[in-house]
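Architecture at a glance
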Amino acid sequence: VKNYKEEQFEKVITSLVVDIDHLKRLAWNGIPPQHRPLAWKILLGYLPTNSSRRFQTLKRKRAEYRDAILQHYDIEDHSRTMQEQETLRQVLVDVPRTAPDVPLFRNDSIRQLLARLLYIWAMRHPASSYVQGINDLATPLVAVFLSEYLMNGNDVLQGQELEDLSPDVLQNVEADVYWCLTNLLAGIQDHYTQDQPGVQRMVMKLEELIKRIDVNLTRHLEETGVQFIQFAFRWMNCLLLREFHLRSVIRLWDTYLSEGHGGFETFHVYVCAAFLCQFSAELQNMQFDELFAFMQNIPTGNWDDGKIEIVLSQAFVLSTLF
């Protein structure tokens, strides 16, 4: 039996031409898992809102990605420049470290898929160069797009049923993740250029925001000598992927994607502020060592969507006030 929210969503997502504004309004409050793969692809501008054009788009984009594999990946190592070999080495080092606590990302075919698409992204975006953290950003996309092909989509993170998937399916997932990651990164491009100015800017914005909304916490951090850049750089660089369970990040991204341009930058800073304030009282009772250790490993293991939605609504309130 579908609830009201699911019925509403189904009506919007299955119409011949999706009303993107209506889709964003509904997606803000969370997307039903069965509709998430298609909704994300539309919200990321990968698939057209017009359903009759989708088949051709997928065919074209997937073929284009297959050509990119032949051009950049399936080549002899000696035909790569030193720089390209170094990038490939970096990617191959990072992939096994990606989401190590999630069984899905310990699977060899998933690791291969991830390494290939990250390397090809780097080859085709020489201005940005591959930076640690980009590997994390691919993980929600991989999980969501795989879920479309699994009987029990909810449990995609356990990495079961993967051997039932054909190589064709995995190839299609890889291509779709590549294009959606490309579109996502295009919106936050200067996060991953030399010196990562975009990330630095977001850390500064977070600090300014906390100064205005939580004077006591700001004072305490100053007195203990903890600087925002020491913990918040990772929050911005990896979009909180290392602070939350992947399930929770996927729920966050429903809202980020529906925020449109700026969801992963402007709105993310408000989310980080709301998140930090959850722990304000505890943090104010800690000295440097304890505080620093706490920030490296914030206890969010048992958070569910309800808890994430509290942070999202607080972030929304902050975004209207500041």
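Up top is the structure.
Residues numbered from 1 in each chain as written. Predicted model: local features only at pLDDT ≥ 70, side-chain atom pairs only at ≥ 80, totals over all residues. Heavy atoms only, no water.

**As for the packing of helix H3 (residues 36-43) against helix H7 (residues 134-147)**
Contact geometry of H3 with H7 gives a least axis separation of 8 Å together with a crossing angle of 130°. Here H7 runs oblique to H3, going by the angle between their axes. Along the contact surface, H3 presents Arg36, Pro37, Trp40 and Lys41, while H7 presents Pro140, Leu141, Val144, Phe145 and Ser147. (Axes fitted to C-alpha atoms, helices over the stretch in contact; angles between N-to-C directions. Helix = DSSP H or I, 4+ residues; strand = E, 2+ residues; numbered from the N terminus. Parallel < 35°, antiparallel > 145°, perpendicular 65-115°, else oblique. Contact = heavy atoms within 4.5 Å.)

**Let's talk about a nonpolar patch on the surface**
A surface patch of nonpolar side chains, amounting to about 370 Å² of accessible area, comprises Phe316, Val317, Leu321 and Phe322. For Phe322, a relative accessible area of 32% gives the class partly exposed. (Patch = residues over 30% accessible without salt bridge, like charges linked within 9 Å, V, L, I, M, F, W, Y side chains within 5 Å. Areas by Shrake-Rupley, 256 points an atom, 1.4 Å probe, with all protein chains shown as cover. Salt bridge = Lys/Arg side-chain N within 4 Å of Asp/Glu carboxyl O. Buried < 20%, exposed > 50% of the residue type's maximum accessible area, 1.4 Å probe, protein only.)

**Some remarks on the packing of aromatic side chains**
The final tally for this structure, using the stated rule, is 19 aromatic pairs. Relative to Phe267, the ring of Trp28 has its centre 5.9 Å away and its plane inclined at 70°; by these criteria the two rings are edge-to-face. Highlighted residues: Trp28 in the loop between helix H2 (20-27) and H3 and Phe267 in helix H13 (residues 263-278), separated in sequence by 239 residues. Ring centres of Tyr256 and Phe264 lie 5.3 Å apart, and the angle between their planes is 85°; this geometry places the pair in the edge-to-face category. Residue Tyr256 is classed as buried on the basis of its relative accessible area of 0%. A connected cluster of aromatic rings, assembled from ring pairs, spans Phe228, Phe231, Trp235, Phe244, Phe275, Phe279, Phe294 and Trp303. Directly above the ring of Tyr73 sits Arg116, whose terminal nitrogen or CZ lies 6.0 Å from the centroid. One cation-aromatic arrangement involves Lys307 over Trp303; the distance from NZ or CZ to the ring centre is 4.9 Å. (Phe/Tyr/Trp six-rings, centres within 6.5 Å; stacked < 30°, edge-to-face > 60°. Lys NZ or Arg CZ within 6 Å of the ring centre and 35° of its normal.)

**Details of the nonpolar core**
With 116 residues, the main nonpolar core has Leu104, Leu146, Leu181, Leu206, Trp235 and Trp253 as its most contacted residues. Beyond its immediate sequence surroundings of up to four residues, Leu206 is in contact with Phe228, Ala232, Trp235, Met236, Val269, Cys272 and Ala273. (Core = buried A, V, L, I, M, F, W, Y, C linked by side-chain atoms within 4.5 Å.)

**Section: the side chain of Thr224**
Note on placement: Thr224 falls in helix H10 (residues 215-224). Among the polar contacts made by the side chain of Thr224, one reaches the main-chain carbonyl oxygen of His220 at a distance of 2.8 Å. Only 3.2 Å separates the side chain of Thr224 from the backbone oxygen of Leu221, close enough to count as a polar contact. In this structure, Thr224 is in contact with Met286, Gln287, Phe288 and Leu291, ignoring residues within four places of it in sequence. (Polar contact = N/O pair within 3.5 Å; in protein donor to acceptor, adjacent residues only side chain to side chain.)

**As for helix H8 (residues 167-186)**
With 20 residues, H8 extends 29 Å from end C-alpha to end C-alpha; this agrees with the ideal 28 Å at 1.5 Å per step. Most of H8 sits inside the fold, with 15 of its 20 residues counted as buried. (Expected span 1.5 Å × (residues − 1).)

**Remarks on the side chain of Asn237**
By the element assignment, Asn237 lies in helix H11 (residues 228-237). Engagement of the side chain of Asn237 in a polar contact is seen with the backbone oxygen of Gln132, the distance being 3.0 Å. A polar atom in the side chain of Asn237 sits 2.8 Å from the side chain of Gln196.

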